[in-house]
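A look at the structure
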Amino acid sequence: MELSDNQIIVPALASLSYDPIHGGWSVIGLVVDDDASAQIPQAGVTDPFPTNSQDTADAFWQDMQFFEPDPSVVCELTQPVGYIFHEDPLVVYFPDFLAPNMIAHILDSTHEQYEPSYVYSERGTEQDDSFRSSQSAFPPRDEVLKCLEQHAQAAQSWEENMKLEAISVQQYLEGGFFQLHHDTLIDEQPGAPSRASTFNVYLKSDCTGGGTHFPKLPRPQDESWCQFIDCDSAEDGVVFKPIAGNAVFWSNTRLDGSLYEETLHQSLPVLSGVKVGLNIWTWVFPDDEKKT
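To keep things clear, this report deals only with the structure shown in the data block. (Residues numbered from 1 in each chain as written. Predicted model: local features only at pLDDT ≥ 70, side-chain atom pairs only at ≥ 80, totals over all residues. Heavy atoms only, no water.)

Overview of the pairing of strand E13 (residues 162-165)
By the bridge criterion, two bridges tie strand E5 (residues 66-67) to E13 in an arrangement that is antiparallel. If you follow Phe-66 over to E13, its bridge partner there is Glu-165. By the bridge criterion, three bridges tie E13 to strand E21 (residues 270-284) in an arrangement that is antiparallel. The partner of Lys-163 across the bridge, within E21, is Trp-283. (Pairing = 2+ DSSP bridges. Helix = DSSP H or I, 4+ residues; strand = E, 2+ residues; numbered from the N terminus.)

Considering the state of the cysteines
Counted according to the given criterion, the structure contains two disulfides. Note on cysteine connectivity: Cys-75 is disulfide-linked to Cys-147, with sulfurs 2.0 Å apart. Here Cys-75 and Cys-147 share a disulfide; its torsion about the S-S bond, -90 degrees, makes the bridge left-handed. Of the two residues, Cys-75 sits in the loop between E5 and strand E6 (83-86) while Cys-147 sits in helix H3 (residues 143-154), which places them 72 residues apart along the sequence. (Disulfide = S-S within 2.5 Å.)

Points about helix H2 (residues 100-110)
Taken together, the buried positions of H2 are occupied by Met-102, Ile-103, Ile-106, Ser-109 and Thr-110. In an axial view of H2, the angular spread of the buried residues amounts to 140 degrees, which keeps them on one side of the axis. Looking at H2, the residues exposed on the side facing more than 90 degrees away from the buried face are Pro-100, Asn-101 and Asp-108. Buried residues along H2 sit in contact with strand E12 (135-137), H3, strand E14 (168-172), strand E16 (195-209) and E21. (Buried < 20%, exposed > 50% of the residue type's maximum accessible area, 1.4 Å probe, protein only. Arc of directions from axis to C-beta. Contact = heavy atoms within 4.5 Å.)

Quick notes on the nonpolar core
Formed by 29 residues in total, the largest nonpolar core has its most connected members in Leu-98, Leu-148 and Leu-278. For this core, the secondary-structure elements that each account for two or more residues are strand E7 (91-94), H2, H3, E16, strand E19 (247-251) and E21. The leading source of residues in this core is H3, at four residues. Contact partners of Leu-278, with chain neighbours within four places excluded, come to Leu-98, Ile-106, Leu-148, Ile-167, Ser-168, Val-169, Gln-170, Phe-199, Asn-200, Val-201 and Leu-203. (Core = buried A, V, L, I, M, F, W, Y, C linked by side-chain atoms within 4.5 Å.)

Observations regarding the pattern of salt bridges
As enumerated under the stated definition, the model contains five salt bridges in all. One salt bridge connects Glu-165 with Arg-195, and the closest N-O pair in it is separated by 2.9 Å. In this pair, Glu-165 is assigned in strand E13 and Arg-195 in strand E16, connecting sequence segments 30 residues apart. Assigned by exposure class, Glu-165 and Arg-195 land together as buried. As a salt-bridge pair, Glu-261 and Lys-216 come within 4.0 Å of each other at their nearest N and O atoms. Residue Glu-261 is located in the loop between E19 and strand E20 (265-267), and its partner Lys-216 is located in the loop between strand E17 (212-214) and strand E18 (238-240); the two are separated by 45 residues in the primary sequence. According to the relative accessible area criterion, Glu-261 is partly exposed, its value standing at 40%. (Salt bridge = Lys/Arg side-chain N within 4 Å of Asp/Glu carboxyl O.)

Here's what the structure looks like:
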């Protein structure tokens, strides 16, 4: 890959071009059908929870917060530029997704707020150190975070029935990990509104290990990807390197709401040092079922 101050030229890779009129991305350098996955799939939604699990449903929604990006906040952000890593499911890599000043602000606002991370199950939210060993924090929704929400909105096709889950920051100390999982929550809550897409953004990468591993995604043959993925990894599939400021985006569900099995992923153990990242999850709700 050839890098310059203003652009990244990616031989043999497709890139995305932002359309300000239609507010979405078009694919450059890749031939796709009209129904291909250049648009972000929207999760199909029905009754959020089975009728016999109302207590679980109530507990689940009580733990969740959702927001719409605030257009009243004026943000000086460059339009995100991404490169298609995989077409179906859509996986896009964003170099320099976050500027250093935004990263510093988010790290500073959360460094004293970390608590043990939790997982979702049929019992609601719970801590399970055998499955996930990390610490989480929720940065204040100030102007910087609202600009980050706008940034995530601009980097995907956006519909009126979409909302963002409250942005969370995760810190992995030495030995920290998160075992294989999907982000959708479909397995835990069948038929529920769910996370249609994920941004995994790296804030701090002073570590060895700690890559984001997708065992079911094929590893590309183009060696230009090796600056972003671990081409020497013995793991099946793909391991994205934690690189501060960069982000990986992927679609979790198809248009009909079904799960992309290929999005199974894990955070590999941190062998030394500290890794910090944040997640931005986009949900789709029917108009009469938006959560606030």
